Amino acid sequence: MMDRFMEQAMRSDARGRYVSAKSGEAGDKEMDDDGGTGKGAIGIKPRKQGVLRPFFVLVIILVLATGASWLLMNEDGMGFLTGPKGEEVQKSKSDLKLYQHFTLPNGLAVLAISDPSADRAAASMDVSVGSFSDPASFPGLAHFLEHMLFMGSEKYPDENQYSAFLSQHGGRSNAYTAAENTNYHFDITPQHLDEALDIFAQFFVAPLLREGSTAREVKAVENEHAKNLQSDGWRAMQLQKSLSNPAHPLHKFSTGNLNTLCGNANVTGTMETHCHLTRKALHAFYKTHYNAKRMKLVVHSTAPLAHIEAQVRGSFAHVPTHGNVHPPIWSFPVRPPGSKARFIKYVPIREQRLLTISWNLPPLYRHFKYKVASYISHLVGHESKGSLAALLKRRGLIESLSAGAQTDQRYGTSFEVSMSLTKQGLDSLSQVLDLFFQYLKVLRDAGALEWVWQESADLSALHFRFQEKRDPSSVVVNFAGNLQLYPPKYVISAPYTYETFDPAMIGKVMGLLTPGKADILVASKDYTGQVNAKEAIYGTPYSVSAVDAETIRRWENSKTDPELYLVKPNAFVPHDLSLFKPDLQAVRLGKEATPKKLIEKSGVRLWFKQDVEFKGKNWPVKPRVNVIFQITSPTADVTARASVLSSLFAMLYTDSLVETTYDAGAAGLSWSMAPSGDGIRLSVAGYHDKVLELLNTVTKPLVACLKANRQCDWANQQRYLSIRDELKRGLENSHKSPPYTRAMQRVSQLLEKRVWSVDRLLYELSLPDLTLDAVASHARVLFDRVFIEGFVHGNADEAFARKAMDTLMVNLGSFPLPGFCIR
């Protein structure tokens, strides 16, 4: 019988979440989601701010093709699944799903996905029109149409029929409006997909857009807007939009609200009166832009491809082709004509010190095979020794750094570098910016390095080959958006495709990242009372000033700091991708197999479960393994002070190893250490070839310095002050969390045995004796007497699992704590 630890471990994401390089090109679409059933949340998709979406690790495998479908493989693990229509979709060897791309007579492009093993079915329709196409007199109209489209159709006139049907059958729906596209999607239990899909289709065939629904949905849009007013992400986005070229559609207010859609409806007259013109504009907008040729549909089902195609043809054949066939093209520059580098200061809602340096670049989505933006982001966002991030952290100027490009935009590419500043970093902003532009100069002067590009290409191919299976809902949304940008052949593989190293193109894009064309935004509460303007929609206080010519010249020509230099090859790239010999009993038991207890002795317990192939399994074994340890200590959080000290130690220790382990994240491995109940939870995951090496790397320095009574690498006073401030701000900002989040925090305090209140933790943090020496003293006793419980799961054998436990025990060198002391 499994104990509580094992149950938690089995429920946790034991597959391993791969740490991104915190740099790269934007990946999957994001959406607002209330997590509920039925209609769900409907929202507008913001442009990404600051830290960009992690670079997801995908790969693909192949299987048995059925009927008239067959598969042709090439040597690098990519395959072309050619279906009856002659279209081909490139996928990886590990992807067992079948794909078919086809186009209806009305021009609607469709990707059908068949996965008999899936427990959900889903569909997504992406329309190539968004907030950029809003009429000047109706800001937010595209977003408003996104709401109204769900309110009944000629075939299914009941405006609640869609949401009611989904709710009755375990389904959910959602939608988002972006700058150039609008996405609608739902998921449901597979046996009810056909009927749900027909209801869904009618929103694009003949929506009613009722007058009676108009006022109510305008209020829904207003409520969304009101919810966003206190969000720093939305406020920063709107501030940047307001400072863009007024002639460019980016300048528009994209979400809309009561006043932009229906005038000042609070003055006189009924809502229906004020919204009459809105409804007329809505009908015109729909007829102009909702053309079948501008739509991309993805359907994910358990049914055969032939059945999916027949259902789609029956339900979507009558989507009209009225209006404009092609999406609009935006020829205006994003930045105001003639503008130079700008320094923008603004006051956020939460406690933060955020520096963002951004550029608007030409569109790069057509050049996805070159991965120019990925190459540059990888180097700028690197955190190993010699990098900008490593130097700024070492000097106590930043807490974190990320770099990335949003390339999934037809109108242009957004490149941003974001840094969370320390107090010292904010006070020394000039030094931070000097070092930043020096590092860009290092990269430019080095020229395009083929070995860097090729290493990224190899890792991308590896991640693509061994991708994790994703839920159908995220798959259809992602692929529907990709169909708008890439040829059908690359709908899956485009984000991972490296085909051509082009040093000239890399040099050209690097040459655009100059100080004279940058926008430099700094958010801090310290600017309260120091700014002279207020953004019109969200009321964000800000000021804008031009960067003077002398500063620009200094950034362009300053001497490079000797501690800034190019990164070295990644030592964590895996080479052994073989599979361990399967345990025959596990194969025989199949899904009934349970974790095996390998060790049970004083102070130690180890569980093991090998990932094996068996009949009926719907995912292949991959050369990855997950190692989880719960290190229980009686001193971990026995008091509120101990809890704070444990958190500070975990943050300090993790931070001290960023330079050493950053490459591991880029190579598809991950590790984490954090307080967990009565101890510390340590996890390492990734390709088995390098997992034990990473485990040794992150545990060897853990207590060796303490036992030898010498200075620990993590015991850095400057970093301690920065991390203590970071923890303090995080706790203070929790008071500004949504009511639901705060309510759940309170529930935890009432139901769990020992949960300290935010106010109590803040009090402990404020005490003058909470010093770095106090953290070191706490760490010494934290690991003195422990109970270790471990779980190894994945591509491994018993010897591998035992070696993982031995590695931790040798590096800890702790006295065992009897198991009966564990609660």
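Coordinates for the structure precede this section.
Residues numbered from 1 in each chain as written. Predicted model: local features only at pLDDT ≥ 70, side-chain atom pairs only at ≥ 80, totals over all residues. Heavy atoms only, no water.

Visitor: If you had to explain the nonpolar core to someone new, which residues and values would you point to?
Guide: A general feature of soluble globular proteins is that nonpolar side chains tend to end up buried together. With 71 residues, the main nonpolar core has Phe629, Phe649, Trp714 and Val792 as its most contacted residues. Per-element tally for this core: the top contributor is helix α20 (residues 640-656), with eight residues. Formed by 60 residues, the second largest nonpolar core is a distinct cluster that contains Phe102, Ala175, Leu297 and Val319. (Core = buried A, V, L, I, M, F, W, Y, C linked by side-chain atoms within 4.5 Å. Buried < 20%, exposed > 50% of the residue type's maximum accessible area, 1.4 Å probe, protein only. Helix = DSSP H or I, 4+ residues; strand = E, 2+ residues; numbered from the N terminus.)

Visitor: Describe the packing of aromatic side chains, with residues and values.
Guide: Ring pairs (aromatic) are described by centroid distance and by the angle formed between their planes. All told, the structure shown has 29 aromatic pairs when counted by the stated rule. Seen in terms of ring centroids, Tyr162 and Phe186 are 6.2 Å apart; in terms of plane orientation they differ by 85°. Their pairing is edge-to-face. Of the two residues, Tyr162 is situated in helix α3 (residues 161-168) and Phe186 in strand β10 (residues 182-188); the sequence distance between them amounts to 24 residues. No difference in accessibility class separates Tyr162 from Phe186, as the two residues are buried. (Phe/Tyr/Trp six-rings, centres within 6.5 Å; stacked < 30°, edge-to-face > 60°.)

Visitor: Please give an account of a nonpolar patch on the surface that cites residues and values.
Guide: Taken together, the side chains of Tyr740, Met744, Val747, Leu750 and Leu751 define a hydrophobic patch exposed on the protein surface, amounting to about 570 Å² of accessible area. Among the structural elements, Leu751 can be located in helix α25 (residues 739-751). Take Leu751: its relative accessible area is 69%, and that puts it in the exposed class. (Patch = residues over 30% accessible without salt bridge, like charges linked within 9 Å, V, L, I, M, F, W, Y side chains within 5 Å. Areas by Shrake-Rupley, 256 points an atom, 1.4 Å probe, with all protein chains shown as cover. Salt bridge = Lys/Arg side-chain N within 4 Å of Asp/Glu carboxyl O.)

Visitor: Describe the pairing of strand β11 (residues 295-301), listing the residues and the values that go with them.
Guide: Here β11 lies mainly inside the structure; seven of its seven residues are buried. Because side chains alternate across β11, one face comprises the buried residues Met295, Leu297, Val299 and Ser301, and the other comprises Lys296, Val298 and His300, equally buried. Two strands pair when backbone bridges link them, and strand β7 (residues 109-114) and β11 are joined in this way by six bridges, in the parallel orientation. Bridging from a neighbouring strand, Ile113 pairs with His300 of β11. As paired strands, strand β8 (residues 121-127) and β11 are joined by six bridges and run antiparallel to one another. Across the sheet, Ser124 pairs through a bridge with Val298, a residue of β11. (Pairing = 2+ DSSP bridges.)

Visitor: Before we move on, can you summarise the packing of α20 against helix α24 (residues 717-734) with the specific residues and values?
Guide: Packed helix pairs are specified by the crossing angle of their axes together with the interaxial distance, meaning the distance between the axes. Direction vectors running N to C along α20 and α24 enclose 125°, while the axes themselves pass 10 Å from each other. One element, α20, and the other, α24, form an angle in the oblique class. α24 is crossed by α20, and the crossing has right-handed handedness. The residues of α24 that touch α20, namely those facing Ser647, Leu648, Met651, Leu652 and Asp655, are Arg719, Tyr720, Ile723, Arg724, Glu726 and Leu727. Grouping the amino acids of the contact of α20 with α24 by side-chain chemistry returns six nonpolar, one polar and four charged. (Axes fitted to C-alpha atoms, helices over the stretch in contact; angles between N-to-C directions. Parallel < 35°, antiparallel > 145°, perpendicular 65-115°, else oblique. Left-handed = near helix turned anticlockwise from the far one by under 90°. Contact = heavy atoms within 4.5 Å. Nonpolar A, V, L, I, M, F, W, Y, C, P; charged D, E, K, R; others polar.)

Visitor: Describe the pattern of salt bridges, and please don't skip the residues or the numbers.
Guide: Applying the stated criterion across every chain, the model contains 35 salt bridges. The shortest N-O distance in the salt bridge between Glu499 and Lys369 comes to 3.9 Å. Placement of Glu499 in the loop between α16 (472-485) and α17 (503-512) and of Lys369 in the loop between β13 (353-361) and α11 (372-380) is noted, with a sequence separation of 130 residues between them. Residue classification places Lys369 among the partly exposed residues on the basis of a relative accessible area of 27%.

Just geometry here; none of it tells us what the structure is for.
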